[in-house]
2 protein chains.
Amino acid sequence: MKYALLTDWHVHTEGFLSKIPTDDCLYVWDFNRARGEQAAKKYNARYEENLEKVLADPAVEAVVIEAPTTMHTELILAAIAHGKHLFVDKPLAPTMTEALEIKAALEASSCRFVLSLESFISGSYRFVKDQIEAGTIGDVVSVYFRRAHGGVLHDWLPADWYDETQMGGVTLDLGCHGLAMLPYLCGKPTKVNAVMTQFGEKGMENNSTTVVSFENNAIGTAYTSFMTTVGENFLEVIGQHGSIQVFGNPDSPTGESIWIQSDLVEAYHEKTVIDGKTLAQQPYPIEVFSALVDDPTLPSVKEYDIDAAVELTWLIEQAYRSANEASINKA
Amino acid sequence: MKYALLTDWHVHTEGFLSKIPTDDCLYVWDFNRARGEQAAKKYNARYEENLEKVLADPAVEAVVIEAPTTMHTELILAAIAHGKHLFVDKPLAPTMTEALEIKAALEASSCRFVLSLESFISGSYRFVKDQIEAGTIGDVVSVYFRRAHGGVLHDWLPADWYDETQMGGVTLDLGCHGLAMLPYLCGKPTKVNAVMTQFGEKGMENNSTTVVSFENNAIGTAYTSFMTTVGENFLEVIGQHGSIQVFGNPDSPTGESIWIQSDLVEAYHEKTVIDGKTLAQQPYPIEVFSALVDDPTLPSVKEYDIDAAVELTWLIEQAYRSANEASINKA
């Protein structure tokens, strides 16, 4: 795949591009020239300050968008207009108006699309999904997902993360993983309620919980935070007849540990512990994207497709609306 | 302690009264005569259909209120008017208007008061509270509490549980444990958002999640359900520098297991597992009540006092208001 990197703004860029070392980065475009030139050197590409020139080059098959979320719509629509395939870091866009505009443009094109939701590489989460679909724990009644790190607590996030014109706080950033996981495991969402707080005064919420109800009456809760050193993820799914818990991260040295218990399946009548390392990890979204670009006959991957991306934007928009308007204050 | 039992409506009655076998039940009053007479036989008491007669008897020191929540205010105010001490099953009352009326009457009397929040008997939860106060895991950023059973799923709850004029669904009933735990661990609540669903059509919500923010910016989440066989409780507290998890129930054969990890305390740098059985269990609220009645010099116990009871009612009222009005519907 021959691609252009559209800004090196996101902290993920280097990690993701390292997963596709045999693909070819032709250009780096960045509104921050110094950052763009540095990235061009790193990825052995040409820095180009004129976006139109990058997109007009027929050698460029795809764009990898690692720009501020608030720039996504403009960049995506421009890339689609030039027939470029799209890898977009999460989330797609901050509002449904923009998300639906992107979806319409995408569907009128033949561009491939992948939203980077790298939580789904976890073999453990795939195992959970498979068990739900197999009915192992009965109908799902509750899902709880926690994903947090100390980016604000330890002040290692870039200054841009506190700029409202570029970002939207922890719910829109790290929170995407939980907000995408809930419908993945529970189905179609119906209602959203969120509570958000800010420790300190750097700007933007850095501690956030969103609760979502689903058509099947399950309730999903996603907690996310930039204010703790507790970086081990946690997922628990409660079914009518059993439960599954996943502790840890697929990429950490200790990996993931799964607990499963079910009244319905004899092998799991007692709580059983499964080492996540025994489950196959999925390719990273950027690897999936590279494969889709190389082979137009491959079907889209539903975890990363435009419908999942639009639904995630809907959840984000509703969460912020709820936190800002619908909360009930004691005072 | 010489007491009167005011209805045998609640499923807890027998379990609680068995904790105070040397106390003396003089009367059972119940609006359901058959149930009242049966209870009178069981507790070796007199059945009396005239409440006024029970309360007018100077031999009665205290009342144990196991009546429908919607009757609490009437019964409590009548008992206070006769100077009787009050043990009240959770919650105090369904609305703040009623809760504040009760508080005013109580404070103008010399009656002792205990709200039955039996989750607080757990030595593990006391351990968690102590660790938070000692700063072991740093400032709290998040608390998650799950408490559920299969009372609706397996249809073992009394028919009254589905009668809106007597009850209020799982949030008001089993949900009390989580809603009381959150301010116990996080402090003063500021905002409440809830999502509730109903599996089946028996009436009342039976699956419910309430999210609360606190003055210290912590966010607490309480999930409760009548729709699962997963009866093992779960509590997790995330601090800025560590975490504590509690799995299980103090009264179950396997008891509770605690995980604690902290960057601040050398003994807990690695995740440490503590057996809940090594921690002293607290007396049941009814035992505390019996002691308070017997010895007027004993101070109230803050976990069960009128301020905790009023705050719990506030949380319940806000949760229902949020679920009914403030949620955002996809349709």
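All values derive from a computational prediction rather than experimental measurement. (Residues numbered from 1 in each chain as written. Chains lettered and ligands numbered in written order. Predicted model: local features only at pLDDT ≥ 70, side-chain atom pairs only at ≥ 80, totals over all residues. Heavy atoms only, no water.)

1. Focus on the relation of the copies chain A and chain B
Put simply, the second copy of the chain is the first one after a rotation about an axis and a shift along it.
Here's step 1: When chain A is fitted to chain B, the residual RMSD is 0.0 Å, and the transformation amounts to a turn of 180° plus an axial shift of 0.0 Å. Look at the turn and shift together and you get a two-fold axis relating the two.
Here's step 2: When the interface residues of chain A are mapped onto chain B, 100% of them are again interface residues, pointing to one common binding face. (Least-squares fit on C-alpha atoms with pLDDT ≥ 70 in both. Contact = heavy atoms within 4.5 Å.)

2. Digging into the UniProt feature "domain: Gfo/Idh/MocA-like oxidoreductase N-terminal" (unreviewed entry) in chain A
Here's step 1: What UniProt calls "domain: Gfo/Idh/MocA-like oxidoreductase N-terminal" (unreviewed entry) maps, in this numbering, to residues 25-113 of chain A.
Here's step 2: In this annotation, residues 25-113 of chain A is assigned 43% helix and 19% strand; the end-to-end C-alpha distance for the span is 18 Å. (UniProt positions renumbered as here; feature names shortened; annotations may be inferred. Helix = DSSP H or I, 4+ residues; strand = E, 2+ residues; numbered from the N terminus.)

3. Some remarks on the UniProt feature "domain: GFO/IDH/MocA-like oxidoreductase" (unreviewed entry) in chain A
Here's step 1: Taken from the UniProt record, the annotation "domain: GFO/IDH/MocA-like oxidoreductase" (unreviewed entry) applies to residues 125-244 of chain A.
Here's step 2: Overall, residues 125-244 of chain A shows 21% helix and 35% strand. The separation of its end C-alpha atoms is 10 Å.

4. Here's the deal with the pattern of salt bridges
Here's step 1: According to the stated counting rule, one finds 29 salt bridges over all chains in the structure shown.
Here's step 2: Aspartate 160 of chain B is the partner of arginine 35 of chain B in a salt bridge, and the nearest nitrogen-oxygen pair spans 3.6 Å. With a gap of 125 residues between them, arginine 35 of chain B in helix 2 (residues 33-42) and aspartate 160 of chain B in the loop between strand 7 (140-148) and helix 7 (169-172) connect regions that are remote in the sequence.
Here's step 3: Note that aspartate 155 of chain B is salt-bridged to lysine 202 of chain B, the shortest N-O span being 3.3 Å. On the criterion of sequence distance, the pair formed by aspartate 155 of chain B in the loop between strand 7 and helix 7 and lysine 202 of chain B in the loop between strand 8 (189-197) and strand 9 (207-214) is long-range, its members being 47 residues apart.
Here's step 4: Under the relative-accessibility criterion, aspartate 155 of chain B is labelled partly exposed at 48%.
Here's step 5: We classify lysine 202 of chain B as partly exposed; its relative accessible area is 40%.
Here's step 6: Among the charged side chains, a network of salt bridges with common partners joins Asp30, Arg35 and Asp160 of chain A. (Salt bridge = Lys/Arg side-chain N within 4 Å of Asp/Glu carboxyl O. Buried < 20%, exposed > 50% of the residue type's maximum accessible area, 1.4 Å probe, protein only.)

5. Things to note about the interface of chain A and chain B
Think of interface size as the accessible area that goes away when the parts come together; that is how it is often given.
Here's step 1: Contacts between the two partners involve 58 residues from chain A and, on the opposite side, 58 residues from chain B.
Here's step 2: Buried area between chain A and chain B, both sides added, is near 4700 Å², and the carbon and sulfur share of it is 60%.
Here's step 3: One can count two salt bridges joining chain A with chain B.
Here's step 4: We note a salt bridge from arginine 146 of chain A to glutamate 236 of chain B, for which the minimum N-O separation is 2.6 Å.
Here's step 5: Its residues assigned to classes, the side of chain A that touches chain B shows 25 nonpolar, 25 polar and eight charged. (Buried area = accessible area lost by both parts, 1.4 Å probe. Nonpolar A, V, L, I, M, F, W, Y, C, P; charged D, E, K, R; others polar.)

6. Some thoughts on the packing of aromatic side chains
Residues and elements named next belong to chain A.
Here's step 1: Inspection of the entire model under this criterion finds 26 aromatic pairs over all chains.
Here's step 2: Between the aromatic rings of phenylalanine 16 and tyrosine 284, the centroid separation amounts to 6.4 Å while the plane-to-plane angle is 55°, which identifies the pairing as tilted. One end of the pair, phenylalanine 16, is in helix 1 (residues 13-17); the other, tyrosine 284, is in the loop between strand 14 (272-275) and helix 9 (285-294), and 268 residues separate them in sequence.
Here's step 3: According to the relative accessible area criterion, phenylalanine 16 is buried, its value standing at 5%.
Here's step 4: Owing to a relative accessible area of 9%, tyrosine 284 belongs among the buried residues under this scheme. (Phe/Tyr/Trp six-rings, centres within 6.5 Å; stacked < 30°, edge-to-face > 60°.)

7. Concerning the domain arrangement of chain A
Residues and elements named next belong to chain A.
Here's step 1: By the assigned domains, chain A splits into domain 1 (2-111) and domain 2 (120-282 + 316-325).
Here's step 2: The C-alpha centroid of domain 2 is placed 27 Å from the C-alpha centroid of domain 1.
Here's step 3: Inspection of the region where domain 1 meets domain 2 yields two salt bridges.
Here's step 4: The closest approach of N and O atoms between aspartate 173 and lysine 90, which form a salt bridge, is 3.6 Å.
Here's step 5: For the pair domain 1 and domain 2, the interface holds four residue pairs in polar contact (both at pLDDT 80 or more).
Here's step 6: Of the residues contributing to the side of domain 1 that touches domain 2, the split by class is seven nonpolar, four polar and two charged. (Domains from an automatic or database assignment. Polar contact = N/O pair within 3.5 Å; in protein donor to acceptor, adjacent residues only side chain to side chain.)

8. Describing the sheet that holds strand 5 (residues 85-89) of chain A
All names here are of chain A.
Here's step 1: In spatial order, the strands read 3-2-1-4-5-6; together these six strands make up an open sheet with parallel pairing. A single partner strand is all that each edge strand has here, and the edge strands are strand 3 (46-47) and strand 6 (113-116).
Here's step 2: Taken together, the four bridges between strand 4 (residues 62-65) and strand 5 define a ladder with parallel strand orientation. Across the sheet, residue valine 64 finds its bridge partner in strand 5, namely phenylalanine 87. (Pairing = 2+ DSSP bridges.)

9. Observations regarding the environment of alanine 59 of chain B
Residues and elements named next belong to chain B.
Here's step 1: Take alanine 59: it is sitting in the loop between helix 3 (51-56) and strand 4 (62-65).
Here's step 2: Along the backbone, alanine 59 and valine 28 are 31 residues apart, and their C-alpha atoms lie at a distance of 14 Å.
Here's step 3: Excluding residues that lie within four positions of it along the chain, alanine 59 makes contacts with Lys2 and Leu26.

10. Regarding empty space enclosed by the protein
Any empty space left between the atoms is revealed when a probe the size of a water molecule rolls over them.
Residue and element names in this part refer to chain B.
Here's step 1: One pass over the full model with this rule turns up two cavities of 30 Å³ or more.
Here's step 2: Each pocket or cavity is described by its volume, and for the largest cavity that value is around 50 Å³.
Here's step 3: Taken together, Phe145, Arg147, Thr171, Leu174, Gly175, Gly178, Leu179, Ser208, Thr210, Ala222, Tyr223 and Thr224 make up the lining of the largest cavity.
Here's step 4: Top contributing element to the lining of the largest cavity by residue count: strand 10 (residues 219-225), with three residues.
Here's step 5: Empty space within the second largest cavity amounts to approximately 40 Å³.
Here's step 6: Lining the second largest cavity are Val152, Leu157, Trp161, Tyr162, Gly169, Val170, Gly203, Met204, Glu205, Asn206 and Phe226.
Here's step 7: Considered class by class, the residues forming the lining of the second largest cavity number seven nonpolar, three polar and one charged. (1 Å grid on protein atoms, 1.4 Å probe; cavity = no way out; pocket = protein on both sides within 12 Å on 5 of 7 lines; lining within 4 Å. Points joined across faces, edges and corners; volume = space filled by probe spheres on them.)

11. A word on the state of the cysteines
Residue and element names in this part refer to chain A.
Here's step 1: On inspection of all chains with the given rule, the structure shows zero disulfides over all chains.
Here's step 2: The closest cysteine sulfur to the non-disulfide-bonded cysteine 25 is located on cysteine 111, 18 Å from its own sulfur.
Here's step 3: Looking at cysteine 111, the relative accessible area reads 11%, which means it is buried. (Disulfide = S-S within 2.5 Å.)

12. Here's the deal with helix 9 (residues 285-294) of chain B
All names here are of chain B.
Here's step 1: Within helix 9, seven of the ten residues are buried, leaving the element largely enclosed by the surrounding structure.
Here's step 2: What helix 9 keeps buried is the set Pro285, Ile286, Val288, Phe289, Ser290, Leu292 and Val293.
Here's step 3: Contacts from the buried residues of helix 9 go to helix 1 (13-17), strand 4, strand 5 (85-89) and strand 6 (113-116).

13. Considering the side chain of serine 124 of chain B
All names here are of chain B.
Here's step 1: Tracing the backbone shows serine 124 in helix 6 (residues 123-134).
Here's step 2: Given the relative accessible area of 0%, serine 124 is considered buried.
Here's step 3: Polar contacts involving the side chain of serine 124 include one to the side chain of glutamate 256, which spans 2.7 Å.

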